[in-house]
Amino acid sequence: MPTSFNQSVIDEFRANAGKVGGPFEGGDLLLLTTTGARSGVSRTTPLGYVRHGDSLLVVGSNLGGPRHPGWYHNLLARPVVRVEVGDRSFEALAVPAEGDRREELFAHVVRVEPGYGDYQAGTDRLLPVVVLERAEPDGWDGPREVRTLADKLMEVHTWLRGQLGQVRAEVEVHFAARAARQGAGAPPVLPGLGLQIRQRCLAFCQALEFHHASEDGHLFPGIARHHPHLADVFDRLGDEHRTVARIQGELAALLAGITIAEPQRFRTELEAMSAELNAHLDHEEEALIPLLADVPWPPVGPPTAP
C-alpha cells in the first residue's frame, strides 16, 4: 500500500527531530495526535504552528476549505492531545479561543504567517484558533518517582484533584470577569473562559472515566483473586464508581450553563460535587493503598526462558 503524504511527513519528522523538507522546509511544524470523537482511534496530523508566550497556536484552516478539519472536531470531544515538537513529545490541553481573544490571537498568527489571512479571506467559515497549553493543572511539579502501583494510584489521584481545583479556579475568574463587564463604561475583554472551562472539565471527566474503567476491568478483579475477604470493599467501590459517573454528567451539565448561571447557586452546586468526588478519592486511597504498596510499577513481566 502506498504511503500517504501525511504519513511520509510524519515519518520524516520523527526520523529527523522535527526537520522536514518539501513544502514544510524551514517552517515551524508540529505533530498533533488527537483521539477520534466517534471512533476513539488516535490520529496524527502534521500542522504549522505559531508560538504565543508559553503556548503554541494552531489554526483549523483546512487550506481555506468550507469545513473544519477532522482534528478540530476530535479535540472538541477529547481535549487532551499529544504534541510533538522537534524531538520533544508532551500532552497538552487543546482550547479553542473565543470572541475577542480569538481575534487577538488570529491577528498575531497572521503577523507571523500571513498565509492564514489568505485562507480566511477565501472562506465564510471563521477559522478556529486553538491554544495548546499544559494539560497539567497549575502547581503540578510532575510525577515523583513511581515504583509501586500505590505510587501510580496516588499520581493519578493527585492529577485529578489538581484538574478539579483548576476548574474551580477558572470558574471564579469567569465570574469575576463577568461581574466587571456589568459596570459602567467600556467592558473589559472577557478572556473566553467558557470553552477553556469546558475543555478542562472534559479532560477531568474523561481521565476519571478511564481510571475507573481500568480499576473495574483489571485492577479490582486482580486484587480480589488474592484478597477474597475484601469482596465487600470492591463492591462498594464499584457502586461509588457508578455514583461518580452520575456526578460527572451533572458537573458537565452545570458547567455548560456557566454563562447564564447565578454565581452563588453555581458555586454551591460545584462545591457539593467537588466534595463528593474528593471523598471518593479519599476512600479509594484508604482502601487500596495498603494493598498496592508492594506491587511493582511498571508491572514485572514473566521471566524469559534461558
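Please refer to the structure placed before this passage.
Reading the values: rules and limits
- Residues numbered from 1 in each chain as written.
- Predicted model: local features only at pLDDT ≥ 70, side-chain atom pairs only at ≥ 80, totals over all residues.
- Heavy atoms only, no water.
- Pairing = 2+ DSSP bridges.
- Helix = DSSP H or I, 4+ residues; strand = E, 2+ residues; numbered from the N terminus.
- Expected span 1.5 Å × (residues − 1).
- Buried < 20%, exposed > 50% of the residue type's maximum accessible area, 1.4 Å probe, protein only.
- Arc of directions from axis to C-beta.
- Contact = heavy atoms within 4.5 Å.
- Salt bridge = Lys/Arg side-chain N within 4 Å of Asp/Glu carboxyl O.
- Axes fitted to C-alpha atoms, helices over the stretch in contact; angles between N-to-C directions.
- Core = buried A, V, L, I, M, F, W, Y, C linked by side-chain atoms within 4.5 Å.
- Phe/Tyr/Trp six-rings, centres within 6.5 Å; stacked < 30°, edge-to-face > 60°.

Looking at this structure, how should I read the pairing of strand 5 (residues 80–85)?
A regular strand places its side chains so that they alternate between the two faces of the sheet. Examined bridge by bridge, strand 1 (residues 29–35) and strand 5 share three bridges and lie antiparallel to one another. The residue bridging L31 from the neighbouring strand is E84, located in strand 5. With six bridges joining them, strand 5 and strand 6 (residues 88–96) adopt antiparallel strand pairing. What sits directly across from V80, in strand 6, is L93. If you look at the hairpin formed by strand 5 and strand 6, you'll find two residues sitting between the two strands, and G86 has a positive phi there, around 60°.

Explain helix 3 (residues 99–112) here, please?
Residue pairs three or four apart in sequence face the same way in an α-helix, which turns once every 3.6 residues. When the terminal C-alpha atoms of helix 3 are compared, their 21 Å separation across 14 residues agrees well with the 20 Å that a helix rising 1.5 Å per residue should span. Among all positions in helix 3, only R102, L105, F106, H108 and V109 are buried. Burial along helix 3 is one-sided: seen end-on, the buried residues are contained in an arc of 155°. Each element contacted by the buried residues of helix 3 is listed here: strand 3 (50–52), strand 4 (55–59), helix 4 (115–121) and strand 7 (129–134).

Teacher, can you tell me more about the pattern of salt bridges here?
Opposite charge on two side chains permits them to pair, given that their charged atoms come into close proximity. Applying the stated rule across the entire model yields 15 salt bridges. R200 is the partner of E133 in a salt bridge, and the nearest nitrogen-oxygen pair spans 3.8 Å. Highlighted residues: E133 in strand 7 and R200 in helix 6 (residues 193–226), separated in sequence by 67 residues. In this structure R200 comes out as buried when scored by relative accessible area, which is 2%. The partner of R200 in a salt bridge is E170, and the shortest N-O contact between them spans 3.8 Å. Of this pair, R200 sits in helix 6 while E170 sits in helix 5 (residues 149–180), placing them 30 residues apart in sequence.

Looking at this structure, how should I read helix 7 (residues 231–256)?
Its 26 residues place the ends of helix 7 38 Å apart at the C-alpha level, agreeing with the 38 Å of an ideal helix rising 1.5 Å per residue. Those residues of helix 7 not exposed but buried are F234, L237, G238, E240, H241, V244, I247, Q248, L251, L254 and L255.

Help me understand the sheet that holds strand 4, please; the structure alone is not making it clear to me.
Paired through their backbone hydrogen bonds, the strands of a sheet run either parallel or antiparallel. Strand order in the open sheet formed by seven strands is 2-1-5-6-7-4-3, and the pairing between neighbours is antiparallel. Edge positions in the open sheet fall to strand 2 (42–48) and strand 3, since each of these has one partner strand only. The average undirected angle you get between the axes of adjacent strands in this sheet is 35°. Those strands touched by helix 2 (residues 70–77) are strand 1, strand 2, strand 4, strand 5, strand 6 and strand 7, and its axis lies near 55° from that of strand 1. Sheet strands in contact with helix 3 are strand 3, strand 4 and strand 7, and its direction is about 130° off that of strand 3.

Help me understand the nonpolar core, please; the structure alone is not making it clear to me.
A general feature of soluble globular proteins is that nonpolar side chains tend to end up buried together. Core analysis: the biggest nonpolar cluster contains 23 residues, and V171, F204, L251, L255, F266 and L277 have the highest contact counts within it. Listing elements by their share of this core, those giving two or more residues are helix 5, helix 6, helix 7 and helix 8 (263–292). If you tally residues by element for this core, the top one is helix 5, at six residues. Beyond its immediate sequence surroundings of up to four residues, F204 is in contact with L160, Q163, L164, L251 and L277.

Quick question: what am I supposed to make of the pairing of strand 4 here?
Of all five residues in strand 4, five are buried; the element is thus mostly enclosed. Burial along strand 4 is two-sided: S55, L57 and V59 facing one way and L56 and V58 facing the other are all buried. Across three bridges, the pairing between strand 3 and strand 4 is antiparallel. Among the inter-strand pairings, R51 is bridged to a residue of strand 4, identified as L56. The hairpin turn running from strand 3 into strand 4, its antiparallel successor, is two residues long, and G53 in that turn takes a positive phi close to 65°.

I tried to follow the packing of aromatic side chains on my own but got confused; where do I start?
Any aromatic ring pair is given by two values, namely how distant the centres are and how the planes are angled relative to each other. Counted under the stated rule, the structure contains five aromatic pairs. When the ring of Y116 is compared with that of Y119, the centres are 6.1 Å apart and the planes differ by 70°; the resulting orientation is edge-to-face. Note that Y116 and Y119 are positioned in helix 4 at a spacing of three residues, about one turn of the helix. When the centroid spacing of 5.2 Å and the interplanar angle of 40° are considered together, the rings of F220 and F234 count as tilted. You can see F220 sitting in helix 6 and its partner F234 sitting in helix 7, a full 14 residues away along the chain. We classify F220 as buried; its relative accessible area is 5%. Of the residues examined, F234 reaches a relative accessible area of 8% and is grouped as buried.

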